[in-house]
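The lines below spell out each chain.
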Amino acid sequence: MGGSMFSLAGDRVVGWCPAIGLLALMTLGCTEERVVPTSADPARAPEAVLWFEDATDELGIEFRHETKGREEFSFPASVSAGAAWIDYDQDGRLDLYLIQNGGPDGPINRLYHQQQDGRFKDVSEGSGLDVAGYGQGVAVGDVNNDGWPDVCVTEYDRTRLFLNEAGQRFAEVTEQAGIDNPSWGTSAAFVDYDRDGWLDLVVANYVEHDASKRCFNDSDRQDFCGPDSFHGSVPRLYRNRTGESDGRVRFEDVTSSSGLAAKAEPGLGVVCLDFDGDRWPDLLLANDGRPNTLWINQKDGTFLEEAILRGLAFNRMGETEANMGLAVGDVDRDGLFDVFVTHLVNETHTLWRQSPRGYFEDATVGTSLSTMTGATGFGTVMEDFDHDGDLDIAIATGGVLANSDRAAEEFWDPYRQPNQLFANIGNGTFRDVGAGNAPFCTSDVARALAHADFDNDGDVDLVLTRIDGHVSVYRNVSPKSGHWLIVRAIDPDLNRDAYGAGITLIASSERWSRAVSPGQSYESSADPRVHFGLGDVDRLDAIRVIWPDGTEEEFPGAEADQVLVIEKGTGREVPADLPETAAAKLTL
């Protein structure tokens with residue numbers, strides 16, 4: 001939201017590009033000349049095919065996000081609105097948890113339970129998750145390995161942990177668990193960074209906010225401040241010590257001993273995966289207006305920051321950008337996951353391709369994405385929405401600075417921008433398909449975006465949150481170009497989903513690689529199951545899984561178009577010292 005976009009002169013915001021409205025977006029103009037899409041450029045020509053319909057009302061979800069302090073341009077009000085898909089009662093149907101930002105005396109967070117008929121019922125009251133505060137983001141993970149997913153909520157002034165009591169209710173255990181984060185938390189994720197079988201917690205913290213600060217644009221109008229107005233914050237890493245205790249959930253703050261305290265940056269997004277190929281999870285944080293930080297696991301409880309070395313700190317011009325939402329996926333199907341980060345309206349959303357393993361290069365220009373930004377992005381999802389075998393991209397957008405040239409009937413009108421949808425047309429090249437997707441590509445001040453197959457029909461749906469607006473659940477109705485497979489990877493010894501596992505499907509010469517990583521996007525948590533679009537392939541020859549502890553197994557092939565549950569220990573072990581075959585190379 002800042003950095004290369006604007007700076008503070010005294011307490012005046014200067015050098016920024018105003019958030020532009022829908023009509024202005026038709027020219028894609030801001031601080032640099034942009035080319036208007038034409039049918040002569042197939043990668044940029046809109047495709048008028050409907051991919052999503054708004055099913056919110058039909059599903060019975062009535063939630064309106066509320067903030068506190070917007071009229072005073074309170075900075076925290078401009079970045080909140082988390083969401084999480086969670087099957088909290090383990091009935092096989094995903095439920096939905098939504099975060100409020102109205103303060104301790106404001107509206108409560110809401111929990112919606114999915115009923116047998118597919119509709120959602122508000123079960124917030126008495127759930128234990130019916131809390132109020134200056135909420136920001138949410139993460140989901142089973143911290144005590146009892147088979148019931150637990151919930152972490154980040155807030156402006158604290159981070160809270162709620163323990164799932166067998167799907168009946170949640171109990172807050174923040175203090176007794178040792179979670180003490182008085183900072184402004186944004187995104188969070190669970191990860192077993194030390195491979196001891198217990199999920200640890202990483203929290204991206206934003207800035208050391210001073211509520212008395214006032215910021216103004218170049219028209220002398222007050223507006224929201226940006227991160228450059230404040231010092232960045234250190235992220236927090238909590239090691240799960242529950243396995244060493246008497247059964248009580250207990251965490252230890254290892255931020256300093258792990259090395260993460262060495263960098264205080266304005267963190268907004270976080271994702272935890274193996275970035276260097278050694279089968280130990282690493283941590284990537286998207287920092288707003290500052291270089292991204294990539295913490296490489298040293299396998300001894302410590303991390304080294306290597307974003308510059310590995311190519312993820314800056315864009316191809318060596319510039320920092322307003323890094324916000326994160327998504328990872330293999331867009332070109334070379335067996336290595338790539339990284340996509342959303343940015344401000346007059347920057348470009350950036351795609352870093354991984355090649356060779358462990359090293360990344362800004363490949364945005366070659367994907368056609370560089371000429372199709374035109375909006376400030378937050379949450380983002382990289383999934384195969386149409387089952388053609390290639391990963392597509394959806395982005396939740398909304399301005400952070402007002403467009404001073406627009407009259408405002410409502411407070412947030414000058415900040416509205418259309419959400420974005422891009423189809424992968426092969427080899428990681430994208431086409432803007434927003435023209436045919438008015439239900440999703442509405443003009444919004446959107447923030448969180450999380451994916452899930454909530455109706456269990458085999459395709460990827462979305463939930464999108466809006467600041468001071470209604471949440472929307474989008475059902476996937478796209479014409480499908482092929483088959484699909486959904487994989488749930490479980491470690492039965494741990495009674496939970498295998499967060500961090502890498503899954504590769506093999507069909508003759510075809511390969512698809514994904515990871516179990518629900519903690520991506522922005523301030524949200526997604527379906528822990530892994531979805532694959534398969535194109536014309538209707539049967540797989542084999543499935544390979546690299547489990548979070550570094551072991552690898554191969555499982556027999558399977559028919560497409562089903563939800564497949566894979567359990568650790570039931571496949572054929574792949575020896576660690578086995579020479580890399582072509583198939584073994586194509587794993588996350």
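Residues numbered from 1 in each chain as written. Predicted model: local features only at pLDDT ≥ 70, side-chain atom pairs only at ≥ 80, totals over all residues. Heavy atoms only, no water.

In the annotation of an unreviewed UniProt entry, the entry for the protein reads FG-GAP repeat protein, and the organism field reads Maioricimonas rarisocia.

## Thoughts on the overall build of the protein
What counts, and what does not: Where helices and strands are cited, they refer to DSSP runs of H or I of at least four residues and of E of at least two residues respectively, numbered from the N terminus. Burial classes: relative accessible area under 20% of the type maximum marks a residue as buried, over 50% as exposed, and values in between as partly exposed (1.4 Å probe, protein chains only). Only heavy atoms enter the contact rule, under which two residues are in contact if any of them lie within 4.5 Å. Here, Shrake-Rupley sampling with a 1.4 Å probe gives the accessible areas, and only protein chains in the shown set may cover a residue.
Helix and strand content of the protein: six helices and 44 strands. Residue burial in the protein is summarised as follows: out of 588 residues, 63% are buried. When contacts within the protein are restricted to residue pairs at least 6 apart in sequence, long-range pairs at least 24 apart make up 60% of them. As displayed, the protein has an accessible area near 20400 Å², and 47% of this comes from carbon and sulfur atoms.

## Things to note about the sheet that holds strand β9 (residues 150-155)
Short version of the rule: One bridge is not enough; two strands pair if DSSP finds at least two bridges between them. Fitting a line to C-alpha atoms yields each axis, with helices limited to the stretch in contact; the angle taken between N-to-C directions then spans 0 to 180 degrees.
An order of β8-β9-β10-β11 is seen for the four strands of this open sheet, with the pairing classed as antiparallel. Pairing within the sheet leaves two strands with one partner each, and these edge strands are β8 (135-141) and β11 (169-172). For this sheet, the mean inter-axis angle between neighbouring strands, taken without regard to orientation, is 25°.

## Describing the sheet that holds strand β21 (residues 303-305)
Strand order in the open sheet made by the four strands is β18-β19-β20-β21, with antiparallel pairing throughout. Each edge of the open sheet carries a strand with a single partner, namely β18 (267-273) and β21. Direction aside, neighbouring strands of the sheet carry axes that sit 20° apart on average. In this sheet, β21 lies alongside strand β20 (residues 293-297) in antiparallel orientation, the contact comprising three bridges. Paired with Ile-296 across the two strands is Leu-304, which belongs to β21.

## Structural notes on the layout of surface pockets
Inclusion rule: A 1.4 Å probe that fits but cannot get out identifies a cavity on a 1 Å grid over protein atoms alone, an open set with protein on both sides within 12 Å along at least five of seven lines counts as a pocket, and a residue lines either if it has an atom within 4 Å of a point. Grid points are joined across faces, edges and corners, and a volume is the space filled by probe spheres set on the points. We call Asp, Glu, Lys and Arg charged. Ala, Val, Leu, Ile, Met, Phe, Trp, Tyr, Cys and Pro are nonpolar, and the rest, Gly among them, are polar. All the domain ranges listed were derived from an automatic or database domain assignment.
Of the pockets and cavities examined, the second largest pocket occupies roughly 380 Å³. As for the second largest pocket, its lining consists of 28 residues, of which Asp-87, Gln-90, Arg-488, Asp-497 and Pro-528 are closest to the centre. For the lining of the second largest pocket, the secondary structure elements donating two or more residues are β4 (83-86), β8, β35 (483-491), β36 (496-497) and β43 (563-567). Broken down by class, the residue content of the lining of the second largest pocket amounts to 13 nonpolar, seven polar and eight charged. Shared between two domains, the lining of the second largest pocket takes at least three residues from each, and those domains are domain 1 (63-324 + 337-384) and domain 2 (485-573).

## What about the state of the cysteines?
A covalent bond between the sulfur atoms of two cysteines is what we call a disulfide. The following threshold applies: Only a pair of cysteine sulfur atoms within 2.5 Å qualifies as a disulfide here.
Evaluated as defined, the whole model comprises one disulfide. Across the disulfide, Cys-215 is cross-linked to Cys-225 (sulfur-sulfur distance 2.1 Å). Classification of the bridge connecting Cys-215 and Cys-225 rests on its S-S torsion, roughly 100°, and on that basis the disulfide is right-handed. Of the two residues, Cys-215 is situated in strand β14 (residues 215-216) and Cys-225 in the loop between β15 (222-223) and β16 (236-240); the sequence distance between them amounts to 10 residues. According to the relative accessible area criterion, Cys-225 is buried, its value standing at 4%.

## Details of the pattern of salt bridges
Put simply, the rule is: Here a salt bridge means any side-chain nitrogen of Lys or Arg lying within 4 Å of a carboxyl oxygen belonging to Asp or Glu.
Per the stated rule, a full pass over the model turns up 36 salt bridges. When the shortest N-O distance is used, the salt bridge between Glu-244 and Arg-239 registers 3.5 Å. Given the relative accessible area of 46%, Glu-244 is considered partly exposed. Its relative accessible area of 22% is what places Arg-239 among the partly exposed residues.

## Some thoughts on the pairing of strand β13 (residues 200-205)
Taken across its six residues, β13 has six buried, putting it largely inside the fold. Judged by which residues are buried, β13 turns out to be covered on both faces: Asp-200, Val-202 and Ala-204 on one side and Leu-201, Val-203 and Asn-205 on the other are all buried. Where strand β12 (residues 185-191) lies against β13, five bridges are found, and the strand directions are antiparallel. Paired with Ala-189 across the strands is Val-202, a residue of β13. Both β13 and β16 contribute to a ladder of three bridges, which runs antiparallel. Each residue of the ladder has a partner; that of Leu-201, found in β16, is Tyr-238.

## Considering the pairing of strand β27 (residues 392-397)
Here β27 lies mainly inside the structure; six of its six residues are buried. What you see with β27 is no split at all: Asp-392, Ala-394 and Ala-396 on one side and Ile-393, Ile-395 and Thr-397 on the other are buried throughout. With three bridges joining them, β27 and strand β29 (residues 420-424) adopt antiparallel strand pairing. Considered in β29, the bridge of Ile-393 is made with Phe-422.

## Here we look at the packing of aromatic side chains
For clarity, the threshold we go by: Any Phe, Tyr or Trp ring, taking Trp's six-membered ring, that has another such ring centre within 6.5 Å forms a pair; planes under 30 degrees apart are called stacked, those over 60 apart edge-to-face, and the others tilted. Each ring is checked for a lysine NZ or an arginine CZ that lies within 6 Å of its centre and within 35 degrees of its normal; such an atom marks a charge sitting over the ring.
Under the definition given, this model contains 27 aromatic pairs. Seen in terms of ring centroids, Phe-75 and Phe-230 are 5.9 Å apart; in terms of plane orientation they differ by 25°. Their pairing is stacked. Of the two residues, Phe-75 is situated in the loop between α2 (56-59) and β4 and Phe-230 in the loop between β15 and β16; the sequence distance between them amounts to 155 residues. Each member of the pair, Phe-75 as well as Phe-230, is classed as buried. One aromatic cluster is present, built from ring pairs that chain together Phe-75, Tyr-134, Tyr-156, Trp-184, Tyr-206 and Phe-230. Across from the ring centre of Tyr-359, 5.0 Å away, lies the NZ or CZ of Arg-310, which sits over that ring. The ring of Phe-378 carries the charged tip of Arg-447 above its face, separated from the ring centre by 3.9 Å.

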